[in-house]
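# Secondary and tertiary structure notes
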Amino acid sequence: MPKYIFVTGGVISGIGKGVIAGSIGKILQSSGIKVSVMKMDPYLNVDAGTMNPLVHGEVFVCDDGAETDMDIGTYERFLDINLSRANNITTGQVYLNVLQREREGKYLGKCVQIIPHITDEIKRLIRYAARKDDADVMIVESGGTVGDIEALPFLEALRQMRFEEGKDNTLFVHVTLAPIIEDVGELKTKPTQHSVQELRRIGIQPDIIIVRSKKRLTEANRDKISLFTNVPRENVLSSPDLKSPYLVPQVLEEQGLSKIIFEQLKIPSRDVDLSEWNNVVKDMLESKDEVHIAMVGKYAELADSYVSVNHALYHAGGVLKCRVKIHWIESENLECDNSSLSELEKYDGIIVPGGFGSRGVEGKILAANYAREKGIPYLGLCFGLQLAVVSFARHVLGYEGANSTEIDPNTPYPVIDLLPEQKEIDKLGGTMRLGGHNIILKAGTLAFRLYGKNVIRERHRHRYEINPKYWNVLQEAGMVFSGFSEDMKRVEIIELKDHPFYMASQYHPEFVSRPGKPDPIFRGFVEASLMRRKSIGVSLKV
Ligand code: GLN
């Protein structure tokens, strides 16, 4: 029978509950326990796929094609496991299931209500995920903040689960924020006290409190929180701001987290060995060498929209013993004047990441072309592949006005076009080419050398592809197609010969990259960037 750890949040959202949930998982996993993690999101969208990443953060794609909350990516990176649709449930999905059942007549005669029908469905989905993942311990993160109206059914379901599964099988971790008043430098515990009161009002008494704050809690802070919340002082842990989220497991474990969990969940005490994890993290953070990578996109997209790309770069840097510094370049600026474009020369490598729609596209196309002409390492991810092909068509083949039909439906040279099966689709939710697909690599190519095998599996999220009508001309002009889908009907990787590193993938290698195990295409890119830095000593001032 699985045991459950419930992670709730107080005070404000966005304080890194996902990292705490992942870190608890990492600690338990490092003691040999089989852990899984899931997230409950209180919004009405059935999945995150239809949500704007600028507001909500990156849409993370699982191997089974689920479009999920970015915390699922955090869990996968911390635990090095593949999660699925079952690990991210939303209010929308819960209601959809219940309403479908109601229409099928399954509740015949009954008045269908939030309690018990919605809460029963939530509990069913949690237990289903724990069974499916064959978890000894299932960590369940409840999205949002205590006190939100929309999160109430989820918290009520957790309250019921404590009652049904028993105290030895469930544990509540409440994550809060302690602000610091700048002028006096004093750390305030009052919001934590209030959020625990709110939790108790709905029948949940936390067993552990983890307090996020700029600096560590003092003993006096812990005493005070303990007194006001009924949580033993040794169960009040501090999670101060750190250089990297990957340092959190060690910081929590130093405060005795595993011991508290083992005791309450009646798990025989065992050793937690985080040394391997910590070594990998150390390489990412403490190496002497640096590389500077330009990410060309829109400022507005910034950090949270591309978390997985950022992390994939750090993972690659870690194994190559160099720290990766990411610099955001506003693609629209590149469109305005040539001097901004030539600024790109300072960087060791250029990435054009995934994206949708036409704003800033011309700047991305110019960047892809500049990298090709100047021999700067280039990595294109999905949209970054498509735009590299557009730039090649325009500048090498001389196809003026070449474009993707996503950007210009009337282009004279539609080198990127809708996937044939997409032409019939009119709904937007969950309808792209999604998730893991096998890819066949062509012997003798750089891709084949980097991956070191014939068949790889990578995750996708796109509607457009290289138009097969242009395959021949592109290849004749020197573009190498080094990876194909299994049915050989679509191009998955392109590369250029006679260039230090020019590669792009139709898939998203960032979704499978893990600490200590970067995706080979990221590793190859960072390695080439490092070589550029070492050979010509690129002089970026940072
Ligand atoms: N907009 C492009 C497509 O739909 C690229 C998508 C992406 O970068 N994820 O194919």
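For the structure, check the block above.
A brief report on the enclosed structure follows. (Residues numbered from 1 in each chain as written. Predicted model: local features only at pLDDT ≥ 70, side-chain atom pairs only at ≥ 80, totals over all residues. Heavy atoms only, no water.)

## Considerations on the overall build of the protein chain
Scanning the protein chain from terminus to terminus reveals 20 helices and 23 strands. By principal-axis analysis of the C-alpha atoms, the protein chain measures approximately 70 × 60 × 45 Å. In the protein chain, which comprises 542 residues, the proportion classed as buried is 59%. The long-range share in the protein chain, meaning contacts at least 24 apart out of those at least 6 apart in sequence, stands at 73%. The protein chain carries 67 positive and 72 negative side-chain charges, and their two centres are separated by 3 Å. (Helix = DSSP H or I, 4+ residues; strand = E, 2+ residues; numbered from the N terminus. Buried < 20%, exposed > 50% of the residue type's maximum accessible area, 1.4 Å probe, protein only. Contact = heavy atoms within 4.5 Å. Lys, Arg positive; Asp, Glu negative; His and termini not counted. Charge placed at Lys NZ, Arg CZ, Asp CG, Glu CD.)

## Digging into helix 4 (residues 91-103)
It helps to recall that an α-helix has 3.6 residues per turn; residues three or four apart then point in one direction. Taking 1.5 Å of rise per residue, 13 residues should cover 18 Å, and helix 4 covers 18 Å from first to last C-alpha, within 8% of that figure. Where helix 4 is concerned, the buried positions are T91, G92, Q93, V94, N97 and V98. Check the buried side of helix 4 and you find it contacts strand 2 (35-41), strand 5 (88-90), helix 5 (114-132) and helix 6 (152-165). With its phi angle positive at about 85°, G105 sits one or two positions after the end of helix 4. (Expected span 1.5 Å × (residues − 1).)

## Let's talk about the site of the ligand
Taken together, G354, G355, F356, C382, F383, Q386, E406, R461, H462, R463, Y464 and H508 form the complete shell of residues around the ligand. G355 has a polar backbone atom sitting 2.9 Å from an oxygen atom of the ligand. A distance of 2.9 Å separates a nitrogen atom of the ligand from a polar atom in the backbone of R461. About the coverage of the ligand: the protein hides 98% of its 300 Å² of free accessible area. Among the secondary structure elements, those contributing two or more residues to the shell around the ligand are helix 17 (383-395) and strand 19 (455-462). Tallied by class, the residues present in the shell around the ligand amount to 4 nonpolar, 5 polar and 3 charged. (Near = heavy atom within 4 Å. Polar contact = N/O pair within 3.5 Å; in protein donor to acceptor, adjacent residues only side chain to side chain. Areas by Shrake-Rupley, 256 points an atom, 1.4 Å probe, with all protein chains shown as cover. Nonpolar A, V, L, I, M, F, W, Y, C, P; charged D, E, K, R; others polar.)

## What to know about the sheet that holds strand 11 (residues 236-240)
Strand order in the open sheet formed by 7 strands is 5-2-6-1-7-10-11, and the pairing between neighbours is parallel. Two strands lie at the open edges of the sheet, namely strand 5 and strand 11, each paired on one side alone. Within this sheet the neighbouring strands show an average axis-to-axis angle of 20°, counted without direction. Sheet topology places strand 10 (residues 208-213) next to strand 11; 5 bridges connect them, and they run parallel. Each bridged residue has a counterpart across the sheet, and for I210 the counterpart in strand 11 is L237. (Pairing = 2+ DSSP bridges. Axes fitted to C-alpha atoms, helices over the stretch in contact; angles between N-to-C directions.)

## A closer look at the pattern of salt bridges
Taken as a whole, this structure holds 40 salt bridges when the rule is applied. For R233, the salt bridge is made with D223, and the minimal N-O distance between the two is 2.5 Å. Here R233, found in the loop between helix 8 (219-229) and strand 11, pairs with D223, found in helix 8; they are 10 residues apart in sequence, far enough to count as distant. For R490, the salt bridge goes to E465, with nearest N and O atoms at 3.7 Å. One end of the pair, R490, is in the loop between strand 21 (479-485) and strand 22 (491-496); the other, E465, is in strand 20 (residues 464-466), and 25 residues separate them in sequence. Of the two residues, R490 and E465, both sit in the buried class. (Salt bridge = Lys/Arg side-chain N within 4 Å of Asp/Glu carboxyl O.)

## Re the sheet that holds strand 20
Reading across the sheet, the 3 strands line up as 16-17-20 and stay open at both edges, with mixed pairing between neighbours. Edge positions in the sheet fall to strand 16 (403-404) and strand 20, since each has one partner strand and no second. Pairing of strand 16 with strand 17 (residues 414-418), which is carried by 2 bridges, proceeds in the parallel orientation. Bridge assignment links S404 to a residue of strand 17, and that residue is I416.

## Points about the side chain of Q264
You can see Q264 is positioned in helix 10 (residues 257-264). Looking at Q264, its side chain comes within polar contact range of the main-chain oxygen of T170, at 3.1 Å.

On their own, these measurements won't tell you what the molecule is for.
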